[in-house]
Amino acid sequence: MEVVICKDAAQVGAVAAAKVAQVARRVGPSVVLGVATGSSPLALYSELAALVAAGSIDLSHASAFALDEYVGLPQGHPESYAEVIRRTVTEPLGLDPSRVHVPDGFADDLALAAEQYEAAIAAAGGVDVQILGIGANGHIGFNEPTSSLSSRTRIKILTPRTRADNARFFDSPEQVPIHCLTQGLGTILDAREVVLVANGQSKADAVRAAVEGPLTAMVPASVLQLHRFATVVVDEAAAAGLTTGDFHAFIRDNKPEWQRY
Ligand code: F6R
C-alpha cells in the first residue's frame, strides 16, 4: 500500500487525480473508472476534468461504474447517486452517459439488479482504477463494519453513524434511506488499481485502522491491505493517527523517478 500525505485537501485532489490519470494514459481512451460519491473525491474529479479539458487525458470512450446507490429514493431525486454521479462525474469529465453505470436502487428486483451490475462490470472487462472515499467507521462503498471481506454487489443496511454523516445532504436525518445497493469488498478488490482519498480529522481513526490496523471486517477498508496496487492519498489531518507518517514522507522524498506520477 502506498500512502501519500498531502498538506491539504486541494493537494489530495491533485495527487489522486495524477494517479488516476496515469492509469488512464496507460490503458487508453477506453479506460474503466470506478467512481465514488460523497465529498472526498470532488477535488479529484475537478482536477481530472481540468486534465481532460487540457487534452492531457482522453476519456472519450471511458466507462464508469459507481460504487453504490440508495434504495427508496424517488427516481431523479437530487441526492440519488445516479444524479450525484451525473453532476459530479459524467458531465464535468464529458463521459458518454450510456457508458456510466450506477447500481439500480429503483429496481423491483434488487437482488437481480445486483447480479446484473456484477455482470456489467465483468462485461466491460473489469475496473482499471477504483476511486474510493472512506467512512468515519471505516466503510468503503457502503460496506459497513462486519461486511464479508469477499462480498459482491448486494443489498445492505446503513449504520446509524453513516446515516447521520450523510444527513447533511438531506433536509432532515430521517430522509436518509436505510437500505442501499453497494459493490462488495470482493468486487472492489477486483479493480486493477485502487485510489482512496480522505480529508480531515474526522477520518483519522478510520485511516489509521485501515492502513495500520489488523485486517478485519470491523474496518472494511482494511481489506485494501490485500490489494497489490492500493494508493491512499490523505491530508495531514486525516493522517494524524498514523504511526508510520514519517516513513511515508521518507518514501515520497526518495521515490525513484520512474515511480512518480
Ligand atoms: C459513496 C461511498 C462512501 C463514501 C464515504 C465517505 O459512494 O462510497 O464510502 O466514500 O461515505 O464519504 P465522504 O467523502 O462524503 O466523507
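Below: a short report on this structure. (Residues numbered from 1 in each chain as written. Predicted model: local features only at pLDDT ≥ 70, side-chain atom pairs only at ≥ 80, totals over all residues. Heavy atoms only, no water.)

Observations regarding the site of the ligand
Rules: Here a residue counts as near a molecule or strand whenever at least one of its heavy atoms sits within 4 Å of it. Nitrogen and oxygen atoms within 3.5 Å of one another constitute a polar contact, given that in protein one can donate a hydrogen and the other can accept it, and given that sequence-neighbouring residues count only through two side-chain atoms. Using the Shrake-Rupley algorithm and a 1.4 Å probe, accessible areas are obtained, with residue cover drawn only from the displayed protein chains. Basically, the charged four are Asp, Glu, Lys and Arg, the nonpolar ten are Ala, Val, Leu, Ile, Met, Phe, Trp, Tyr, Cys and Pro, and anything else, Gly included, counts as polar.
Around the ligand lies a shell of 16 residues, among which Thr37, Ser40, Asp68, His139 and Lys203 are the nearest. Thr37 is positioned such that a nitrogen or oxygen atom in its side chain is 2.7 Å from an oxygen atom of the ligand. Between the ligand and the protein, one listed contact pairs an oxygen atom with a backbone N or O atom of Gly141 at 2.7 Å. Taking 410 Å² as the accessible area of the ligand by itself, protein coverage stands at 93%. Looking at the shell around the ligand residue by residue, the class counts come to five nonpolar, eight polar and three charged.

Some details on the nonpolar core
Heads up, the rule is: What is meant by a nonpolar core is a set of buried Ala, Val, Leu, Ile, Met, Phe, Trp, Tyr and Cys residues, joined one to another through side-chain atoms within 4.5 Å. Burial classification: accessible surface area is computed with a 1.4 Å probe over protein chains only, and a residue below 20% of its type maximum counts as buried, one above 50% as exposed, and the rest as partly exposed. Each helix corresponds to a stretch of at least 4 residues labelled H or I by DSSP, and each strand to a stretch of at least 2 residues labelled E; elements are numbered beginning at the N terminus. Two residues form a contact once any of their heavy atoms are found within 4.5 Å.
By size, the foremost hydrophobic cluster in this structure holds 76 residues, and its most contacted members are Leu33, Val35, Leu44, Leu59, Ile140, Leu224 and Val233. Examining the composition of this core, we find that eight residues originate from one element, helix α1 (residues 9-27), more than from any other. In this structure Leu224 touches Met1, Leu132, Ile140, Ile188, Val194, Leu196 and Ala230, once residues within four positions along its chain are discounted.

Things to note about the pattern of salt bridges
As a working rule, side chains carrying opposite charge can pair if their charged atoms are close by. Basically, it comes down to this: Salt bridge, as used here: a side-chain nitrogen of Lys or Arg that lies within 4 Å of a carboxyl oxygen of Asp or Glu.
Tallied over the entire structure, the rule returns 13 salt bridges. Where Lys255 meets Glu2, a salt bridge forms, and the shortest distance between an N and an O atom there is 2.7 Å. Of this pair, Lys255 sits in the segment after α8 (245-253) while Glu2 sits in strand β1 (residues 2-6), and the two are 253 residues apart along the sequence. Overall, the relative accessible area of 13% leaves Lys255 in the buried class.

So, the packing of helix α2 (residues 42-53) against helix α3 (residues 81-93)
Selection criterion: To get an axis, fit a line to the C-alpha atoms, keeping to the stretch in contact for a helix; angles then go from 0 to 180 degrees between the N-to-C directions. Note that the term roughly parallel is reserved for angles under 35 degrees, roughly antiparallel for angles over 145, roughly perpendicular for angles of 65 to 115, and oblique for everything else.
As a packed pair, α2 and α3 sit with axes 9 Å apart at the nearest point and diverge in direction by 10 degrees. Classified by the angle between their axes, α2 and α3 sit roughly parallel to one another. Along the contact surface, α2 presents Leu42, Tyr45, Leu48, Ala49 and Val52, while α3 presents Thr88, Val89, Pro92 and Leu93. Across the contact of α2 with α3, the residue classes tally to eight nonpolar, one polar and no charged.

Considerations on the sheet that holds strand β6 (residues 129-132)
Just so we agree on the cut-off: Here a strand pair is declared whenever DSSP counts at least two bridges between the two strands.
Here we have seven strands laid out as an open sheet, ordered β1-β10-β9-β6-β2-β3-β5, and parallel in their pairing. Because the sheet does not close on itself, it has two edges, and the strands there are β1 and β5 (100-101). Two strands pair when backbone bridges link them, and β1 and strand β10 (residues 230-235) are joined in this way by five bridges, in the parallel orientation. Looking across to β10, one finds that Cys6 is bridged to Asp235.

Quick notes on empty space enclosed by the protein
Filter applied, for reference: Grid spacing is 1 Å over the protein atoms alone, the probe is 1.4 Å, and a cavity is where that probe fits but cannot get out, while a pocket is an open set with protein on both sides within 12 Å along at least five of seven lines and lining residues have an atom within 4 Å of a point. Grid points are joined across faces, edges and corners, and a volume is the space filled by probe spheres set on the points.
Throughout the structure, instances matching the rule amount to one cavity of 30 Å³ or more. Each pocket or cavity is described by its volume, and for the largest cavity that value is around 50 Å³. Around the largest cavity, the lining residues are Met1, Ile134, Leu196, Val207, Ala210, Val211, Ala221, Leu224 and Val232. For the lining of the largest cavity, the element with the most residues is helix α7 (residues 204-212), which contributes three residues.

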